[in-house]
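So the chains spell out like this:
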Amino acid sequence: MDSDSQEVVYEFLPLLRIYKNGRVERLLASATVPSCLQDPETGVSSKDIRISSDPCISARLYIPNNHTHHHKNLPLLVYFHGGGFCLGSAFALYYHRYLNTLVSKANVIAVSVEYRLAPEYPLPIAYEDCWTALQWVLSHSETHQSISNSNHGNSKEPWLNDSADFNKVFLGGDSAGANIAHNIAMRAGENGLKFRGLYLVHPYFWGSESIGAETDMHSEEKAINERLWLFVNPSSVGIDDPMVNPFAPSARSLSSLGCERVLVCVAGKDALRERGRFYCNELKKIGWEEDRINFFESEGEGHAFHLHFPETGNAQLVIERLVSFLRC
């Protein structure tokens, strides 16, 4: 075996290793699973589609088993997976399982975006991929044709054309995917779009100034969040880049958010929890009414627990809160 394929030049433990020949070993990568015409537990159907060949962007689509063709009555969720911008996949087992459950219970169509990962494709590539994916989704709607990329032409995905209600579009994600959802919602707002809702589960936001209980965190715990950002976005201005710190002095006001409602879920043992709470407080400060802001905390739980332990009572409560939000 080539020695270059064995020589480690960089490690970001416990996430990944980079070898001299450029190979990236993702240590926490999840097994992927195929789409399914009918999930045996939920009855949800899924399929994989290619959004773009250049760049390569794909997605997994989900539709509940009780949908009726040619009745555009199902809310539409555009979902961005987590994984620190360098791990994860729309095709991973735990995301497939999670979205099957959510789509079944909330009775929505979901488009789970497969974007390109760092370090091979550093930020802002993931943001651009997800914006392209959103354009493709909206190209199925006459209402939103103005921002859809002309390269998409007349999109032909029947699940979206026949069953999606484009007056009920939601953006959502967890961890880094929640960060992406926020930034996409900001960009959407600047383009004159306003979606039904935005939900952020355990969102990855950070900054140089400690917020709330962050003052009591170990320096190593703080450092890993900063290190991650600079690893996936080496061209960034730093940890107060508005893309990761929406509360930085240089950040645009949250009044630009292109959504009517927001749901933020945090976990009590998650180092990122204070940022999620602060996000809701900042919305209140700029005049958002209480009924537009939803906040939910899972006490005693860690980051992304609802994905890895979906059978637990607290994970079920997260699903219930998301379902309620998607029905609003």
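Everything that follows concerns the structure shown earlier in this document.
The structure presented is a predicted model; accordingly, all values stated were derived computationally and were not measured. (Residues numbered from 1 in each chain as written. Predicted model: local features only at pLDDT ≥ 70, side-chain atom pairs only at ≥ 80, totals over all residues. Heavy atoms only, no water.)

S.K.: Describe in detail the overall build of the protein, supporting the description with residues and values.
M.R.: Helix and strand counts for the protein stand at eight helices and eleven strands. Compactness check: the protein gives a C-alpha radius of gyration of 19 Å against a globular reference of 20 Å for 328 residues, within 12% of the reference. Summarising its shape, the C-alpha atoms of the protein cover approximately 55 × 55 × 40 Å along the three principal directions. Here the protein, with 328 residues, has 54% of them falling under the buried criterion. By sequence separation, contacts in the protein at least 24 residues apart represent 70% of the contacts at least 6 residues apart. A total of about 14,200 Å² of accessible surface is found on the protein, and carbon and sulfur atoms cover 47% of it. Placing the 29 positive and 39 negative side-chain charges of the protein at their respective mean positions leaves the two points 4 Å apart. (Helix = DSSP H or I, 4+ residues; strand = E, 2+ residues; numbered from the N terminus. Rg over C-alpha atoms; globule rule 2.2 N^0.38 Å. Buried < 20%, exposed > 50% of the residue type's maximum accessible area, 1.4 Å probe, protein only. Contact = heavy atoms within 4.5 Å. Areas by Shrake-Rupley, 256 points an atom, 1.4 Å probe, with all protein chains shown as cover. Lys, Arg positive; Asp, Glu negative; His and termini not counted. Charge placed at Lys NZ, Arg CZ, Asp CG, Glu CD.)

S.K.: Kindly report on the pattern of salt bridges, identifying the contributing residues and their values.
M.R.: Taken as a whole, this structure holds 17 salt bridges when the rule is applied. Between Glu-120 and Arg-26 there is a salt bridge, with its nearest N and O atoms 2.7 Å apart. Of the two residues, Glu-120 is situated in the loop between β7 (109-114) and α2 (125-138) and Arg-26 in strand β3 (residues 24-26); the sequence distance between them amounts to 94 residues. On the accessibility criterion, Arg-26 (23% relative accessible area) is partly exposed. A salt bridge links Glu-260 to Arg-196; the shortest N-O distance between them is 3.8 Å. (Salt bridge = Lys/Arg side-chain N within 4 Å of Asp/Glu carboxyl O.)

S.K.: An account of the sheet that holds strand β9 (residues 195-201) is needed here, citing residue identities and associated values.
M.R.: In a beta sheet, neighbouring strands pair by backbone hydrogen bonds and run either parallel or antiparallel. Read from one edge to the other, the open sheet built from eight strands follows the order β4-β5-β7-β6-β8-β9-β10-β11, with strand pairing classed as mixed. Either end of the sheet is taken by a strand with one partner, and the two such strands are β4 (45-52) and β11 (293-298). For this sheet, the mean inter-axis angle between neighbouring strands, taken without regard to orientation, is 20 degrees. Judged from the five bridges that link them, strand β8 (residues 164-174) and β9 form a sheet pairing that is parallel. Across the sheet, the residue bridging to Asp-174 is Val-201, located in β9. In this fold helix α1 (residues 93-106) packs onto β4, β5 (57-63), β6 (74-80), β7, β8 and β9, with an angle of close to 40 degrees to the strand it touches most, β5. (Pairing = 2+ DSSP bridges. Axes fitted to C-alpha atoms, helices over the stretch in contact; angles between N-to-C directions.)

S.K.: An account of the environment of Ala-59 is needed here, citing residue identities and associated values.
M.R.: With respect to the helices and strands, the residue Ala-59 is situated in strand β5. Relative accessible area serves as the criterion here: at 0%, Ala-59 is assigned to the buried category. Note: C-alpha distance between Ala-59 and Ala-90 (31 residues apart in sequence) is 6.8 Å. Aside from chain neighbours lying at most four places away, what touches Ala-59 is Lys-47, Asp-48, Ile-49, Ile-51, Phe-91, Val-111, Ser-112, Val-113 and Glu-114.

S.K.: Can you tell me about the environment of Arg-252, naming the residues and giving the values?
M.R.: As for its placement among the helices and strands, Arg-252 is situated in the loop between α5 (219-232) and β10 (259-267). Residues Arg-252 and Pro-242 lie ten residues apart in sequence; the distance between their C-alpha atoms is 7.6 Å. Residues contacting Arg-252, with those up to four places away along its chain left out, are Met-186, Glu-190 and Pro-246.

S.K.: Report on a nonpolar patch on the surface, specifying residues and quantitative values.
M.R.: A grouping of Leu-13, Leu-27 and Leu-28 is seen on the molecular surface, where their side chains present a nonpolar patch of about 240 Å² in accessible area. Residue position: Leu-27 is located in the loop between β3 and β4. On the basis of relative accessibility, which here comes to 32%, the residue Leu-27 falls in the partly exposed class. (Patch = residues over 30% accessible without salt bridge, like charges linked within 9 Å, V, L, I, M, F, W, Y side chains within 5 Å.)

S.K.: Now, about the sheet that holds strand β2 (residues 16-19): what can you tell me, with residues and values included?
M.R.: Read from one edge to the other, the open sheet built from three strands follows the order β1-β2-β3, with strand pairing classed as antiparallel. If you trace the sheet from one side to the other, it starts and ends with β1 (8-12) and β3, each paired once. Taken pair by pair, the neighbouring strands of this sheet meet at an average axis angle of 15 degrees, ignoring direction.

S.K.: Would you mind going over the pairing of β2 in detail, with residue names and values included?
M.R.: Here four bridges tie β1 to β2, and the two strands are oriented antiparallel to one another. Bridge pairing in β2 links Glu-11 to Arg-17. Hairpin connection between β1 and β2: a loop of three residues separates the two successive antiparallel strands. Pairing of β2 with β3, which is carried by three bridges, proceeds in the antiparallel orientation. Across the sheet, residue Arg-17 finds its bridge partner in β3, namely Glu-25. If you look at the hairpin formed by β2 and β3, you'll find four residues sitting between the two strands, and Gly-22 has a positive phi there, around 95 degrees.

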